[in-house]
Structures are given as C-alpha cells and as structure tokens.
Amino acid sequence: MSKPEKHIIYWILPSLFVGVCMCIYFFDILGMSYLIAPEYNREFGVVENTQLLVILAIIILSFKKLIIAKTKSIKLVFALIFISSVFIFLEEIDYGLHYYDLFLGKSKEQLKIESWNN
C-alpha cells in the first residue's frame with residue numbers, strides 16, 4: 001500500500017466521517033440530526049453504531065490472530081486485546097439494556113423517570 005493510500009484510509013476518511021457527522025448534528029443539515037443522535041436514545045445514532053462496528057472488528061481480528069499466534073507471549077497479547085475489547089463492547093451497549101428497553105417499548109419519559117430513581 002502506498003503512502004497516500006495509507007493517509008486516506010487511516011486518518012483522512014475517518015476525519016471526514018466525523019466532520020460530516022458533526023456538521024449534520026450541530027447544523028441540522030436537511031433535518032438529519034436525528035440520524036446522528038436520536039432524541040429517543042443517543043445510543044442508536046450513527047456515531048455510536050460506527051464505534052460499535054470498529055470495536056467488533058477489533059474483537060474479530062484479535063480472535064483470529066489469537067488462534068494463529070505461534071508463541072505464548074503473542075497469544076497472551078491478543079487474548080488481552082480480545083478480552084478488553086469484549087468488555088468495552090459490552091459496556092458500550094450497556095450490556096444490552098438499551099436494546100432490552102427498545103424491545104419492551106419503553107417511552108422516552110419512562111426512561112427519564114427510571115434514570116431519576118436510580
């Protein structure tokens with residue numbers, strides 16, 4: 001891979017993605033700010049779900065590398081990356097609580113009341 005391609009993949013495209021998401025959210029371009037962070041629950045927005053996809057990719061890649069690693073030290077490193085990534089992924093989705101609430105059909109007001117009681 002050439003140097004310009006690396007720049008595009010590793011920092012230009014991610015920066016453009018974040019910049020576009022920020023512009024859409026803060027300036028409500030074409031009324032699409034609800035896609036970036038819905039009022040019902042910000043956890044269902046584009047940025048949050050993209051973050052989850054990146055963490056999921058880290059989980060998959062670290063597991064693949066863990067399986068094919070030759071030495072114990074390398075296996076340990078990838079095992080730590082895998083376990084840490086799984087923990088971070090589960091924490092980011094609040095261990096499935098957001099999806100549980102969504103499937104139960106809880107309203108925004110019900111969620112506010114429950115959060116005040118805790």
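Residues numbered from 1 in each chain as written. Predicted model: local features only at pLDDT ≥ 70, side-chain atom pairs only at ≥ 80, totals over all residues. Heavy atoms only, no water.

Caption draft 1: Here's a closer look at the overall build of the protein. Tallying secondary structure elements over the protein gives 6 helices and 0 strands in all. Of the regular secondary structure in the protein, the N- to C-terminal order runs α-α-α-α-α-α. In terms of overall dimensions, the protein has C-alpha extents of about 55 × 40 × 20 Å along its principal axes. Counting the 118 residues in the protein, one finds 19% classified as buried. Entry remark: accessible area of the protein is about 9,100 Å², with carbon and sulfur atoms responsible for 72%. In the protein, 11 side chains carry a positive charge and 11 a negative one; their mean positions are 18 Å apart. (Helix = DSSP H or I, 4+ residues; strand = E, 2+ residues; numbered from the N terminus. Buried < 20%, exposed > 50% of the residue type's maximum accessible area, 1.4 Å probe, protein only. Areas by Shrake-Rupley, 256 points an atom, 1.4 Å probe, with all protein chains shown as cover. Lys, Arg positive; Asp, Glu negative; His and termini not counted. Charge placed at Lys NZ, Arg CZ, Asp CG, Glu CD.)

Caption draft 2: Spatial organisation of the packing of aromatic side chains. Scanning the model with the defined rule gives 3 aromatic pairs in all. With a centroid separation of 5.5 Å and 45 degrees between ring planes, the pair formed by Phe63 and Phe82 is classed as tilted. On the criterion of sequence distance, the pair formed by Phe63 in helix α3 (residues 46–68) and Phe82 in helix α4 (residues 72–92) is long-range, its members being 19 residues apart. Given a relative accessible area of 23%, Phe82 falls into the partly exposed group. (Phe/Tyr/Trp six-rings, centres within 6.5 Å; stacked < 30°, edge-to-face > 60°.)

Caption draft 3: Representation of α4. Over its 21 residues, α4 extends 30 Å from the first C-alpha to the last, a length consistent with the 30 Å expected when each residue adds 1.5 Å. For α4, the complete set of buried residues consists of Ala79, Ser85 and Phe89. Axial view of α4: buried residues confined to an arc of 135 degrees, hence all on one face. Opposite its buried face, α4 presents the exposed residues Lys72, Leu76, Leu80, Ile83 and Phe87, each directed more than 90 degrees away. Positioned one or two residues after α4, Asp94 has a phi angle of 50 degrees, which is positive. (Expected span 1.5 Å × (residues − 1). Arc of directions from axis to C-beta.)

As far as function goes, none of this settles anything; it's purely spatial.
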